[in-house]
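Here are the chains, one letter per residue:
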Amino acid sequence: MRGRRPVTEVPDVVGLGAEDACDIVRRAGLVPRGPEGEPEPASGVVVAQAPIATAGAVQGSEVVLWTQLGRGSSADLTPPTPTESALLPA
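The present account deals with the structure reproduced in this document. (Residues numbered from 1 in each chain as written. Predicted model: local features only at pLDDT ≥ 70, side-chain atom pairs only at ≥ 80, totals over all residues. Heavy atoms only, no water.)

### Examining the overall build of the protein chain
Part 1 of the reasoning: Along the backbone of the protein chain there are two helices and five strands.
Part 2 of the reasoning: Buried positions account for 31% of the 90 residues belonging to the protein chain.
Part 3 of the reasoning: The long-range fraction of contacts in the protein chain, counting pairs at least 24 apart against all pairs at least 6 apart in sequence, stands at 61%. (Helix = DSSP H or I, 4+ residues; strand = E, 2+ residues; numbered from the N terminus. Buried < 20%, exposed > 50% of the residue type's maximum accessible area, 1.4 Å probe, protein only. Contact = heavy atoms within 4.5 Å.)

Printed below as a string of structure tokens:
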């Protein structure tokens, strides 16, 4: 019989660089990803995450990170839609 995976606290990585944020998420036993199924972000500053910090998540779950390249960047932030947010593991 297979046991349940442990639950861990989701770290707060908003405001950190993408590389540091991904490292912290991995150390928590979670998997960093970009929005809409993209691979983990490699650059920019994390401006939003889901699930939110301090939420509980099953180890191995994905944490979606939205990044922005910085001040004056033409990159637009696309926050999750309510439907996407509802589908993410808590």
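### What to know about the sheet that holds strand E2 (residues 31-33)
Part 1 of the reasoning: Reading across the sheet, the three strands line up as E2-E5-E3 and stay open at both edges, with mixed pairing between neighbours. Two strands close off the open sheet at either side, each with one partner strand: E2 and strand E3 (45-50). Here the strands of the sheet are splayed against their neighbours by 35 degrees on average, with no regard to which way each runs.
Part 2 of the reasoning: In terms of strand pairing, E2 meets strand E5 (residues 62-68) through three bridges, oriented parallel. Counterpart to Arg33 in the pairing with E5 is Val64. (Pairing = 2+ DSSP bridges. Axes fitted to C-alpha atoms, helices over the stretch in contact; angles between N-to-C directions.)

### A short note on the side chain of Gln49
Part 1 of the reasoning: Here Gln49 is to be found in strand E3.
Part 2 of the reasoning: Classification of Gln49 by relative accessible area gives buried; the value is 9%.
Part 3 of the reasoning: Here the side chain of Gln49 touches Pro11 through a polar contact of 2.9 Å, landing on its backbone oxygen.
Part 4 of the reasoning: Excluding residues within four positions of it along the chain, Gln49 makes contact with Val10, Pro11, Asp12, Val13, Val14, Val64, Leu65 and Trp66. (Polar contact = N/O pair within 3.5 Å; in protein donor to acceptor, adjacent residues only side chain to side chain.)

### Thoughts on the environment of Pro41
Part 1 of the reasoning: Position of Pro41 among the secondary structure elements: in the loop between E2 and E3.
Part 2 of the reasoning: By relative accessible area, which is 11% here, Pro41 ends up buried.
Part 3 of the reasoning: Separated by 24 residues in the primary sequence, Pro41 and Gly17 place their C-alpha atoms 9.5 Å from one another.
Part 4 of the reasoning: If we ignore the near neighbours within four places in the chain, the residues touching Pro41 are Ala18, Cys22, Arg33, Gly34, Leu65 and Thr67.

### Some points on the environment of Val47
Part 1 of the reasoning: Along the chain, Val47 falls in strand E3.
Part 2 of the reasoning: Sequence separation of Val47 and Gly15 is 32 residues, and the distance between their C-alpha atoms is 6.0 Å.

Distances and angles like these do not, on their own, reveal function.
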